[in-house]
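Structural description and commentary
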Amino acid sequence: MAKTSKQDDVLEPLDEKVSDDSSSSEARSIEIPHTLSVRQLADLLQVSAVEIIKQLMRNDIMANINQSIDYESASTVAVGFGYKAHLKPRTSQGLTSTISEAKRRRQLQDKELGGLKPRPPVVTVMGHVNHGKTRLLDAIRQTNVMDTEAGGITQHIGAYQVDVDGQKITFLDTPGHEAFTAMRARGAQVTDVTILVVAADDGVMPQTLEAIDHARAAGVPIVVAINKIDKPEANPELVKQQLSDAGLLIEEWGGDVVCVSISAKEKTGISALLENLMVVAEMEDLKADPSQSAAGTVIEANLDKTKGPLATVLVHTGTLRISDTIVVGTTWGRVKAMFNDMGRRVRKAEPAAPVVFLGLNSVPQVGDALTAVGSERQARALVEKRQSEMQQEASLAPKSVSLSRLFDQISAGQVKELNVILKTDVQGSIEPIRSSLEQLGAEEIQVRVIHSDSGNITENDVMLAIASKGLIIGFNTGCEPGAQRLAEVEGVSIRHYDVIYNLVDDVSKALKGMLEPSYVEVIDGRAEVRATFTAGKKGQVAGVYVTEGKISRGASVRVKRGDQIVCESIVSSLRRFKDDVVEVVTGYECGVGIQDFSEFEVGDVLEFYSTKKAD
């Protein structure tokens, strides 16, 4: 009872305040969405969250600051604070006026800019494996793409153009965000909008979070499609909460991210998704000049046994035609034939159209830029220029930022923000490290953690670092061999720490140009012990097979037995057959002697390493 009376004491002054506000001024009109959090309602009404909670309690509603409430409850509170509440229309309502306004704006710009005309949006479908990305595209195209996929999982990049109420949309069906990021890493920004597919019965998964981070890093608007709502165990509201926790607040909850519930299997909600997709595309105001020479990006390439090099290209601007002389990356040729996504021959491809063509001298790289030129002479000259530029970039320009060069790069104006990919041993370490790093930003440079997760550093982390020109920080976690090799080839900086203070201190010093050089370990090679031999007074030597890299006499080596390190020393002898050798490379067998160690066992792994100055 004492608790109740105390509560009444707290609430009584609020009633006086509300009545005063209501009587002293005319009710102001305000739009409230179907659902929103207590914090969002407080911001909307320009009062403290504590006052909102008190008023809700007065109406027998117990809610904390992050809890969502419905329109009815929110409107009651708003009325109490002197507002006249109205239900905010959903995105799908009022589409006609929104599109009309965008069209009017587009027509005015067309008059000013001459040749620029609206082009179809290019949409990438991303999400966790088996959440229904390909089935969604299948439902949109009304064809049976999935029957051609092994096990129903996408095996290659496909580009498809569909007609939606007289307007075209180009869809990229990728095997995940890896391909999306690989193209960005090569400088190809091909996507205008991303559809994030999340299964209603499975929720937000690790690959979902990665896809969100990759789309954000690319600066691409996201449209969420909550799929599989036909399943009995579907829980769309939980998915919305998980998306909110991931920093993706949907419109229904007061955010700005469009979200549509669908069933790709039952083909329900597809029209609403496309409708919303067109609205987002209209807001992007996408234009291109089809009268120019063609320019585009390669999104798939392969060597056909009968047709020769084939490339799938997405045209960005201009029009690609049969017989055009083109340069693609560092190869060139003449367009001999073109096919659309249905396999039909076409004579031209306009902006945002995907086509497969043949006629190149060699197979290009995914992400290579296509440019149409006037003659073979121009093509050869452009190829030579690009090759020269690539060699200069490789020798001069750093491919990504590094802590050791950061201050110089800031001073030279090369870096405006430090993008960090953070990997930790446990999830609990992420937030304090992220918070500490982001507080280090200054006027000259902002520190931005664009992706964070627990677990080892992977090749996908390195690809994101390449695409965003960022660096990778590992806290109490390892690095997969493939990721280490890719980072070395691409010049991506990976820093390892086991104390948060040291991590934050190093980044802080790097921003101020005070960081002392440090040294990192580089794995030069690995070998597996296949047999052991007695070598007189030297004891045992190991007969090994080099599985990766190379091994050298005098190199540092550690002997690993399972997860344990049983010895760290140096290579004292290296022999092939009866000859002493300086080094042995991948795929060869040899005999290895290690200083002060002879207790080899078959199955041991020898890891050969060196140290170098960290980037």
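This structure is a prediction, so every number in the text was calculated from the model and none was measured.

From N to C terminus, the protein chain includes 16 helices and 33 strands. Here the protein chain, with 615 residues, has 46% of them falling under the buried criterion.

A few words on the environment of Glu300. With respect to the helices and strands, Glu300 occurs in strand β13 (residues 295-304). Spatially, the C-alpha atoms of Glu300 and Leu310 are 8.4 Å apart, while their sequence positions differ by ten residues.

Here the focus is helix α8 (residues 206-218). For α8, which comprises 13 residues, the first-to-last C-alpha distance of 19 Å matches the rise-based estimate of 18 Å (1.5 Å per residue) to within 8%. All of the buried residues in α8 are Thr208, Glu210, Ala211, Ile212, Asp213, His214, Ala215, Ala217 and Ala218. Immediately beyond the C-terminal end of α8, within one or two residues, lies Gly219, with a positive phi of roughly 70 degrees.

On to the confidence of the model for the protein chain, then. Reading fine detail from the predicted coordinates is not recommended where pLDDT is low. Confidence in the prediction of the protein chain, expressed as mean pLDDT, is 78, and 78% of residues score 70 or more. Within the protein chain, helix α1 (residues 2-24) has the poorest average pLDDT of any element, 39, and strand β15 (residues 320-321) the best, 94. Under a pLDDT of 50 for its full length, residues 90-113 has, in the predicted model, 29 contacts with residues more than four places off or in other chains.

Right, let's talk about the packing of aromatic side chains for a bit. This structure, assessed with the given rule, holds one aromatic pair. Arranged with centres 5.1 Å apart and planes meeting at 85 degrees, the rings of Phe597 and Phe600 form a pair that is edge-to-face.

Remark: helix α6 (residues 133-141) packs on helix α10 (residues 270-284), axes separated minimally by 11 Å, with the N-to-C direction vectors making an angle of 90 degrees. Classed by the angle they form, the pair α6 and α10 counts as roughly perpendicular. Listed contacts from α10 to Leu136, Ala139 and Ile140 of α6 are Ile270, Leu273 and Leu274. Residues that form the contact of α6 with α10 fall into these classes: six nonpolar, no polar and no charged.

A word on the side chain of Thr477. Here Thr477 lies in the loop between β24 (471-475) and α15 (481-490). When near neighbours in sequence (up to four residues on either side) are disregarded, Thr477 contacts Lys423, Thr424, Asp425, Gly455, Asn456 and His496.

Reading the values: the criteria
Residues numbered from 1 in each chain as written. Predicted model: local features only at pLDDT ≥ 70, side-chain atom pairs only at ≥ 80, totals over all residues. Heavy atoms only, no water. Helix = DSSP H or I, 4+ residues; strand = E, 2+ residues; numbered from the N terminus. Buried < 20%, exposed > 50% of the residue type's maximum accessible area, 1.4 Å probe, protein only. Expected span 1.5 Å × (residues − 1). pLDDT = per-residue confidence, 0-100. Contact = heavy atoms within 4.5 Å. Phe/Tyr/Trp six-rings, centres within 6.5 Å; stacked < 30°, edge-to-face > 60°. Axes fitted to C-alpha atoms, helices over the stretch in contact; angles between N-to-C directions. Parallel < 35°, antiparallel > 145°, perpendicular 65-115°, else oblique. Nonpolar A, V, L, I, M, F, W, Y, C, P; charged D, E, K, R; others polar.

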